[in-house]
Amino acid sequence: MKQKLYVLLLLAALAALSLSVAAAEPPAQPAPVPAAAATNLPAEYPAAQAKLPPLPVPPASVQDAKATAAYIAAVDAYVKASQSYIDAATNDANRVIQERNAAIENANQVVAAYNAFFKLAEKK
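Every value quoted in this text rests on a predicted model; they were computed, and no experiment measured them.

### Examining the overall build of the chain
Here is step 1: Secondary structure assignment for the chain yields three helices and zero strands.
Here is step 2: Helices and strands in the chain line up, N terminus first, as α-α-α.
Here is step 3: For the chain, with 124 residues in total, the buried portion stands at 4%.
Here is step 4: As displayed, the chain has an accessible area near 11200 Å², and 66% of this comes from carbon and sulfur atoms.

### Things to note about the packing of aromatic side chains
Here is step 1: Scanning all chains against the criterion turns up two aromatic pairs.
Here is step 2: For the pair Y114 and F118, a centre-to-centre distance of 4.8 Å together with 65° between the ring planes defines the contact as edge-to-face. Here Y114 and its partner F118 are both found in helix α3 (residues 65–123), four residues apart, which amounts to about one turn of the helix.
Here is step 3: Residue classification places Y114 among the exposed positions, given a relative accessible area of 52%.
Here is step 4: The exposure class of F118 is partly exposed, given its relative accessible area of 38%.

### Description of the confidence of the model for the chain
Here is step 1: Of all residues in the chain, 69% have pLDDT values of 70 or greater, and the mean over the chain is 84.
Here is step 2: Within the chain, the lowest mean pLDDT, 63, falls on helix α1 (residues 2–24), and the highest, 94, falls on α3.

### A few points about the environment of A81
Here is step 1: With respect to the helices and strands, the residue A81 is situated in helix α3.
Here is step 2: Beyond its immediate stretch of four places on either side in the chain, A81 contacts L52 and P53.

### A short note on the pattern of salt bridges
Here is step 1: Using the criterion set out here, one finds two salt bridges in the structure.
Here is step 2: Here D76 ties to K80 by a salt bridge, and the two come within 3.2 Å at their closest N and O atoms. Here D76 and its partner K80 are both found in helix α3, four residues apart, which amounts to about one turn of the helix.
Here is step 3: Residue class for D76 comes out partly exposed when judged on its relative accessible area of 38%.
Here is step 4: A salt bridge links R95 to E99, with the nearest nitrogen and oxygen atoms 3.0 Å apart. Here R95 pairs with E99, and both are found in helix α3, just four residues apart, close to one helical turn.
Here is step 5: Judged by relative accessible area, which is 47%, R95 ranks as partly exposed.

Definitions and cut-offs
- Residues numbered from 1 in each chain as written.
- Predicted model: local features only at pLDDT ≥ 70, side-chain atom pairs only at ≥ 80, totals over all residues.
- Heavy atoms only, no water.
- Helix = DSSP H or I, 4+ residues; strand = E, 2+ residues; numbered from the N terminus.
- Buried < 20%, exposed > 50% of the residue type's maximum accessible area, 1.4 Å probe, protein only.
- Areas by Shrake-Rupley, 256 points an atom, 1.4 Å probe, with all protein chains shown as cover.
- Phe/Tyr/Trp six-rings, centres within 6.5 Å; stacked < 30°, edge-to-face > 60°.
- pLDDT = per-residue confidence, 0-100.
- Contact = heavy atoms within 4.5 Å.
- Salt bridge = Lys/Arg side-chain N within 4 Å of Asp/Glu carboxyl O.

In C-alpha coordinates:
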(Lines give C-alpha, C1' and ligand atoms only; values in the text may rest on other atoms or scores of the structure.)
Protein backbone atom coordinates (compact mmCIF):
# COMPACT_ATOMS: atom_id res chain seq x y z
CA MET A 1 0.00 0.00 0.00
CA LYS A 2 2.83 2.38 0.86
CA GLN A 3 4.42 1.62 -2.48
CA LYS A 4 1.22 2.59 -4.35
CA LEU A 5 1.01 5.80 -2.33
CA TYR A 6 4.62 6.68 -3.21
CA VAL A 7 3.94 5.98 -6.89
CA LEU A 8 0.85 8.23 -6.80
CA LEU A 9 2.79 10.99 -5.06
CA LEU A 10 5.61 10.64 -7.57
CA LEU A 11 3.18 10.85 -10.50
CA ALA A 12 1.48 13.89 -8.97
CA ALA A 13 4.84 15.59 -8.48
CA LEU A 14 5.86 14.84 -12.07
CA ALA A 15 2.54 16.18 -13.37
CA ALA A 16 2.95 19.36 -11.33
CA LEU A 17 6.53 19.73 -12.56
CA SER A 18 5.53 19.30 -16.19
CA LEU A 19 2.76 21.87 -15.77
CA SER A 20 5.17 24.39 -14.26
CA VAL A 21 7.67 23.81 -17.09
CA ALA A 22 4.92 24.19 -19.70
CA ALA A 23 3.73 27.40 -18.05
CA ALA A 24 7.27 28.79 -18.06
CA GLU A 25 7.80 28.15 -21.78
CA PRO A 26 6.87 30.99 -24.10
CA PRO A 27 3.80 30.25 -26.19
CA ALA A 28 4.57 28.75 -29.58
CA GLN A 29 4.43 31.28 -32.36
CA PRO A 30 1.95 30.30 -35.04
CA ALA A 31 3.38 29.83 -38.50
CA PRO A 32 3.01 32.99 -40.54
CA VAL A 33 0.09 32.78 -42.90
CA PRO A 34 0.79 34.33 -46.29
CA ALA A 35 -1.47 37.26 -46.92
CA ALA A 36 -3.93 36.77 -49.72
CA ALA A 37 -3.04 40.24 -50.96
CA ALA A 38 0.72 39.85 -50.63
CA THR A 39 2.66 41.88 -53.15
CA ASN A 40 6.20 42.69 -54.15
CA LEU A 41 5.22 46.00 -55.68
CA PRO A 42 6.85 48.88 -53.81
CA ALA A 43 3.81 51.05 -54.48
CA GLU A 44 0.26 50.66 -55.64
CA TYR A 45 -0.15 49.88 -59.33
CA PRO A 46 -1.35 52.98 -61.18
CA ALA A 47 -5.10 52.91 -61.62
CA ALA A 48 -6.51 53.30 -65.11
CA GLN A 49 -8.53 56.33 -64.02
CA ALA A 50 -5.35 58.07 -62.90
CA LYS A 51 -3.56 57.42 -66.21
CA LEU A 52 -6.40 57.98 -68.68
CA PRO A 53 -7.95 61.27 -69.71
CA PRO A 54 -11.45 62.10 -68.47
CA LEU A 55 -14.28 60.16 -70.08
CA PRO A 56 -15.50 61.91 -73.25
CA VAL A 57 -18.95 63.45 -72.92
CA PRO A 58 -21.12 63.55 -76.04
CA PRO A 59 -22.39 66.94 -77.12
CA ALA A 60 -26.00 67.91 -76.61
CA SER A 61 -26.69 67.76 -80.33
CA VAL A 62 -25.15 66.31 -83.48
CA GLN A 63 -26.07 69.58 -85.15
CA ASP A 64 -23.21 71.34 -83.34
CA ALA A 65 -20.39 70.47 -85.75
CA LYS A 66 -17.62 71.96 -83.61
CA ALA A 67 -18.73 70.09 -80.46
CA THR A 68 -19.20 66.87 -82.45
CA ALA A 69 -15.70 67.15 -83.92
CA ALA A 70 -14.27 67.77 -80.45
CA TYR A 71 -16.18 64.74 -79.13
CA ILE A 72 -14.85 62.53 -81.94
CA ALA A 73 -11.30 63.71 -81.17
CA ALA A 74 -11.80 63.11 -77.43
CA VAL A 75 -13.10 59.59 -78.04
CA ASP A 76 -10.15 58.86 -80.34
CA ALA A 77 -7.66 60.20 -77.76
CA TYR A 78 -9.35 58.18 -74.99
CA VAL A 79 -9.25 54.94 -77.00
CA LYS A 80 -5.56 55.49 -77.88
CA ALA A 81 -4.68 56.25 -74.24
CA SER A 82 -6.65 53.18 -73.12
CA GLN A 83 -4.82 50.98 -75.61
CA SER A 84 -1.49 52.36 -74.41
CA TYR A 85 -2.43 51.63 -70.76
CA ILE A 86 -3.62 48.13 -71.68
CA ASP A 87 -0.40 47.39 -73.59
CA ALA A 88 1.75 48.64 -70.72
CA ALA A 89 -0.28 46.63 -68.17
CA THR A 90 0.10 43.52 -70.32
CA ASN A 91 3.87 44.08 -70.52
CA ASP A 92 3.99 44.56 -66.73
CA ALA A 93 2.01 41.36 -66.16
CA ASN A 94 4.27 39.41 -68.51
CA ARG A 95 7.35 40.72 -66.67
CA VAL A 96 5.85 39.69 -63.32
CA ILE A 97 5.15 36.21 -64.71
CA GLN A 98 8.75 35.94 -65.99
CA GLU A 99 10.13 36.90 -62.57
CA ARG A 100 7.75 34.50 -60.82
CA ASN A 101 8.87 31.68 -63.09
CA ALA A 102 12.53 32.55 -62.42
CA ALA A 103 11.86 32.43 -58.66
CA ILE A 104 10.20 29.02 -59.04
CA GLU A 105 13.14 27.73 -61.08
CA ASN A 106 15.65 29.03 -58.53
CA ALA A 107 13.70 27.50 -55.63
CA ASN A 108 13.58 24.16 -57.44
CA GLN A 109 17.35 24.28 -58.03
CA VAL A 110 17.97 25.04 -54.35
CA VAL A 111 15.74 22.15 -53.26
CA ALA A 112 17.41 19.80 -55.74
CA ALA A 113 20.87 20.80 -54.45
CA TYR A 114 19.66 20.36 -50.87
CA ASN A 115 18.27 16.91 -51.61
CA ALA A 116 21.44 15.93 -53.48
CA PHE A 117 23.58 17.13 -50.57
CA PHE A 118 21.79 14.97 -48.04
CA LYS A 119 21.64 11.96 -50.33
CA LEU A 120 25.44 12.17 -50.65
CA ALA A 121 25.75 12.38 -46.87
CA GLU A 122 23.59 9.25 -46.48
CA LYS A 123 25.75 7.20 -48.87
CA LYS A 124 28.91 7.76 -46.85
